[in-house]
Each structure stands twice: as structure tokens, then as C-alpha cells.
Amino acid sequence: KQEVTQIPAALSVPEGENLVLNCSFTDSAIYNLQWFRQDPGKGLTSLLLIQSSQREQTSGRLNASLDKSSGRSTLYIAASQPGDSATYLCAVTGGGNKLTFGTGTQLKVEL
Amino acid sequence: DTAVSQTPKYLVTQMGNDKSIKCEQNLGHDTMYWYKQDSKKFLKIMFSYNNKELIINETVPNRFSPKSPDKAHLNLHINSLELGDSAVYFCASSLAGANIQYFGAGTRLSVL
């Protein structure tokens, strides 16, 4: 059974800092890994998708890496802004296109 | 011009009632999903349908019955609601295969 864990559970940083969110998963038989953002009272927005054959993906200030064999992914956010404050979720796709979500990291970027 | 829309956004009801949540997507996707996010914010898949056929059915009480009249709609009907059903329910859609899933804004269900 796939289990996905995210560390830390919560993070508070001053504006402008670079930060790293961590995600680990127990079963390396995945098709891809996605990072999502969830704002309070809102749905999920997909930020980055890394296929199992890829090592990293970049979008603007976001960079996600994947080490499938060790069951780890990181989301790097450069020059954080207050607008980045949200809950970040990683999810791995297994058989049947089933997404298994992590526990989430609640990020707060302060002025 | 919402891609995945759910109605209602909020639903407050008494224990024992039957309720439905509707989901529609206008992205041309052929696969749709229902997820439940509990009070601890943990998201877990409940069902997925591909071209109106059930693909994933996690360990969900049979009081929950999804219905897909066509591939653009996946509704969730819940019978005999219980306190533990209180959660936020998210609908999502994607193209078949391991593709990006697009999520609706969620339906917050409160059972009193």
C-alpha cells in the first residue's frame, strides 16, 4: 500500500527566502509525481508534474525533483512571496491513475 | 468559465438524510474522480470513472453511490448520512492515463 509523507507539516519563512518542501513515498512503482497547491476554501491547483522517467521539472520560481529509486521528491521555491502562502500537497500516481496524496505542508510567507 | 464545477459549494444537513453532489467538467476529459478531504486535511480517492465506467472503488461504504450519466458528469449520491461523512468532497477530471488531474473547488458537507 502506497504511503506518502511530507515534511515539514508547517513552515513559516520571511519573504524573499528560498525554501524546500520534502515528500517521500514508500512504493517506487509510480507513473508520475505531482505537486499541488491548495488555498483555503479552494480546490487544488496542479503546479508541476514529473514523469517517472524524469529527474526534475521547472516552472517559474518552482523546481521539483524526483528520485524514484529512493522514493523522494523535493519542491524548491525561490524568492518566496506572501502570495505563495498555501498548503502544498504532493501526490504519486499508481495503477488505474490512482493518486495517493501526502499529508501536506502548510506554508506561510511573512512580510 | 470554470473547468470543473461542483454544486453545491456548501451542504448542511441532518443525520439520516440523503443528498447528492453534482460535478461537471468542460475540458473534454474522459476520466472523472471523487476525493474526500477529512478534518485533518488528508485527501483520499473514493471513486474514478472512465467513459462512464467505474475504474476505482476504494473502501467506501455502499451508502455512497457515484453515477456518471455521460463522461462530462460524475455525481455523488449519499444515503443515510452520518456524522462521519462531514468533510470536503472534491471532484476532478483528467484524460485517461497518468495525466494531470484538474480539481473542482470542493463541496463542504456538514452533517448535524
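Along each chain, numbering runs from 1 in the same order as the chain's sequence is written. Here chains are named by letter from A upward and ligands by number from 1 upward, in the order in which they appear as written. At least 70 in pLDDT is required for a residue's local features to be given in this predicted model, at least 80 for side-chain atom pairs to be given and counted, and no such filter applies to totals for whole chains, interfaces and linings, which use all residues. Only hydrogens and water are set aside when side-chain values are computed; all heavy atoms of the structure are taken into account.

A. Layout of the pairing of strand 7 (residues 62–67) of chain A. Residue and element names in this part refer to chain A. Where strand 6 (residues 56–59) lies against strand 7, 4 bridges are found, and the strand directions are antiparallel. Pairing of threonine 58 across the sheet is with asparagine 63, part of strand 7. DSSP-based pairing: two strands are paired if at least 2 bridges between them are found. By the criteria applied, helices consist of DSSP H or I runs no shorter than four residues and strands consist of E runs no shorter than two, each listed in order from the N terminus. Hairpin remark: strand 6 followed by strand 7, antiparallel, with 2 residues in the connecting loop; positive phi at glycine 60, about 60°. Connecting strand 7 to the antiparallel partner strand 8 (residues 72–77) that follows it, the hairpin turn spans 4 residues, and glycine 71 within it adopts a positive phi of roughly 70°.

B. Inspection of the interface of chain A and chain B at higher detail. Residues are treated as being in contact if the distance between any of their heavy atoms lies within 4.5 Å. Taken together, the contact between chain A and chain B spans 21 residues of the former and 21 residues of the latter. Each salt bridge in this description consists of a side-chain nitrogen of Lys or Arg and a carboxyl oxygen of Asp or Glu lying within 4 Å of one another. If you look at where chain A meets chain B, you find 1 salt bridge. B:Glu58 is paired through a salt bridge with A:Lys98; the nearest N and O atoms lie 3.1 Å apart. Polar contact criterion, stated in full: a pair of N or O atoms within 3.5 Å, where within protein one must be able to donate a hydrogen and the other to accept it, and residues adjacent in sequence count only if both atoms are side-chain atoms. There are 2 residue pairs in polar contact (both at pLDDT 80 or more) connecting chain A and chain B. Among the secondary structure elements, those contributing two or more residues to the side of chain A that touches chain B are strand 4 (32–38), strand 5 (44–51), strand 9 (86–94) and strand 10 (98–101) of chain A.

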